[in-house]
Amino acid sequence: MAQIVVRYWAGAQAAAGTPTEQLNGLTVGDVVAAATHQHPELRPVFALAALLMNGSRVDAEDPLVDGATLEVLPPFAGG
(Lines give C-alpha, C1' and ligand atoms only; values in the text may rest on other atoms or scores of the structure.)
Protein backbone atom coordinates (compact mmCIF):
# COMPACT_ATOMS: atom_id res chain seq x y z
CA MET A 1 0.00 0.00 0.00
CA ALA A 2 1.34 3.41 -0.97
CA GLN A 3 1.15 6.57 1.10
CA ILE A 4 0.80 9.76 -0.91
CA VAL A 5 0.15 13.45 -0.41
CA VAL A 6 -3.06 14.77 -1.93
CA ARG A 7 -2.91 18.46 -2.84
CA TYR A 8 -6.24 20.19 -3.38
CA TRP A 9 -6.52 23.30 -5.56
CA ALA A 10 -9.21 26.00 -5.77
CA GLY A 11 -12.73 24.58 -5.24
CA ALA A 12 -11.28 21.21 -4.24
CA GLN A 13 -9.44 22.87 -1.36
CA ALA A 14 -12.63 24.61 -0.25
CA ALA A 15 -14.58 21.33 -0.38
CA ALA A 16 -11.90 19.38 1.51
CA GLY A 17 -11.31 22.13 4.05
CA THR A 18 -7.55 21.63 3.79
CA PRO A 19 -4.85 22.29 1.18
CA THR A 20 -3.19 18.87 1.60
CA GLU A 21 -3.53 15.56 3.37
CA GLN A 22 -1.86 12.16 3.39
CA LEU A 23 -3.86 9.14 2.22
CA ASN A 24 -3.11 5.49 1.51
CA GLY A 25 -4.18 3.12 -1.22
CA LEU A 26 -3.16 0.90 -4.09
CA THR A 27 -4.75 2.92 -6.91
CA VAL A 28 -5.81 6.49 -7.62
CA GLY A 29 -9.41 5.27 -7.23
CA ASP A 30 -8.64 4.10 -3.68
CA VAL A 31 -7.48 7.59 -2.77
CA VAL A 32 -10.50 9.22 -4.41
CA ALA A 33 -12.78 6.89 -2.42
CA ALA A 34 -10.94 7.64 0.84
CA ALA A 35 -11.03 11.38 0.23
CA THR A 36 -14.74 11.42 -0.59
CA HIS A 37 -15.44 9.26 2.47
CA GLN A 38 -13.67 11.82 4.68
CA HIS A 39 -14.98 14.85 2.77
CA PRO A 40 -18.34 14.11 1.06
CA GLU A 41 -18.32 17.63 -0.40
CA LEU A 42 -15.54 16.46 -2.75
CA ARG A 43 -17.81 14.05 -4.65
CA PRO A 44 -18.94 16.62 -7.29
CA VAL A 45 -15.41 18.03 -7.50
CA PHE A 46 -13.88 14.65 -8.35
CA ALA A 47 -16.53 14.17 -11.05
CA LEU A 48 -15.01 17.10 -12.99
CA ALA A 49 -11.44 17.40 -11.72
CA ALA A 50 -8.22 16.51 -13.49
CA LEU A 51 -5.91 14.32 -11.40
CA LEU A 52 -2.14 14.61 -11.74
CA MET A 53 0.36 12.32 -10.01
CA ASN A 54 3.84 13.83 -9.95
CA GLY A 55 2.79 16.08 -12.84
CA SER A 56 1.29 13.40 -15.12
CA ARG A 57 -2.42 12.90 -15.75
CA VAL A 58 -3.81 9.74 -14.12
CA ASP A 59 -7.10 7.82 -13.99
CA ALA A 60 -8.80 5.85 -11.21
CA GLU A 61 -7.26 2.51 -12.21
CA ASP A 62 -3.66 3.78 -12.22
CA PRO A 63 -1.45 2.43 -9.42
CA LEU A 64 -0.13 4.80 -6.78
CA VAL A 65 3.57 5.51 -6.37
CA ASP A 66 4.66 5.59 -2.72
CA GLY A 67 5.58 9.13 -1.70
CA ALA A 68 3.93 10.69 -4.77
CA THR A 69 1.84 13.84 -4.83
CA LEU A 70 -1.64 13.61 -6.31
CA GLU A 71 -3.01 16.99 -7.34
CA VAL A 72 -6.74 17.57 -7.63
CA LEU A 73 -7.39 20.30 -10.18
CA PRO A 74 -11.02 21.32 -10.63
CA PRO A 75 -11.93 23.15 -13.86
CA PHE A 76 -10.67 26.73 -13.87
CA ALA A 77 -12.40 29.68 -15.47
CA GLY A 78 -11.06 33.07 -16.25
CA GLY A 79 -9.19 34.95 -18.83
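Just so it is clear, the model here is predicted, and its values are computed rather than measured. (Residues numbered from 1 in each chain as written. Predicted model: local features only at pLDDT ≥ 70, side-chain atom pairs only at ≥ 80, totals over all residues. Heavy atoms only, no water.)

A. Quick peek at the nonpolar core. Judged by nonpolar contacts, the single largest core of 23 residues is most densely connected at Tyr8, Leu42, Phe46, Leu51, Leu70 and Val72. Those elements that provide at least two residues to this core are β1 (2–8), α1 (11–16), α2 (28–38), α3 (43–48), β3 (50–53) and β5 (69–73). Once you skip the residues sitting within four places of it in the chain, leucine 51 turns out to touch Val28, Val32, Phe46, Ser56, Arg57, Val58, Leu70, Glu71 and Val72. (Core = buried A, V, L, I, M, F, W, Y, C linked by side-chain atoms within 4.5 Å. Buried < 20%, exposed > 50% of the residue type's maximum accessible area, 1.4 Å probe, protein only. Helix = DSSP H or I, 4+ residues; strand = E, 2+ residues; numbered from the N terminus. Contact = heavy atoms within 4.5 Å.)

B. Just the sheet that holds β5, in detail. One open sheet holds the five strands; their spatial order is β2-β1-β5-β3-β4, and the pairing between them is mixed. Of all the strands in the sheet, just β2 (20–25) and β4 (56–57) have a single pairing partner and so form its edges. Looking at chain direction, β1 and β2 are connected through six bridges and run antiparallel. Opposite alanine 2, over in β2, you have glycine 25 as the bridge partner. Across the sheet, α2 lies against β1, β2, β3 and β5, angled at about 125° from β2, the strand it touches most. (Pairing = 2+ DSSP bridges. Axes fitted to C-alpha atoms, helices over the stretch in contact; angles between N-to-C directions.)

C. Broad picture of the pairing of β3. The alternating pattern of β3 places Ala50 and Leu52 on one face and Leu51 and Met53 on the opposite face, and all of these are buried. Relative to β5, β3 runs antiparallel, the two sharing four bridges. Bridge assignment links leucine 52 to a residue of β5, and that residue is glutamate 71. When β3 meets β4, the two strands line up antiparallel, connected through two bridges. Within β4, the residue paired with methionine 53 across the bridge is serine 56. The loop that links β3 with its antiparallel partner β4 comprises two residues; one of these, asparagine 54, has a positive phi angle of about 50°.

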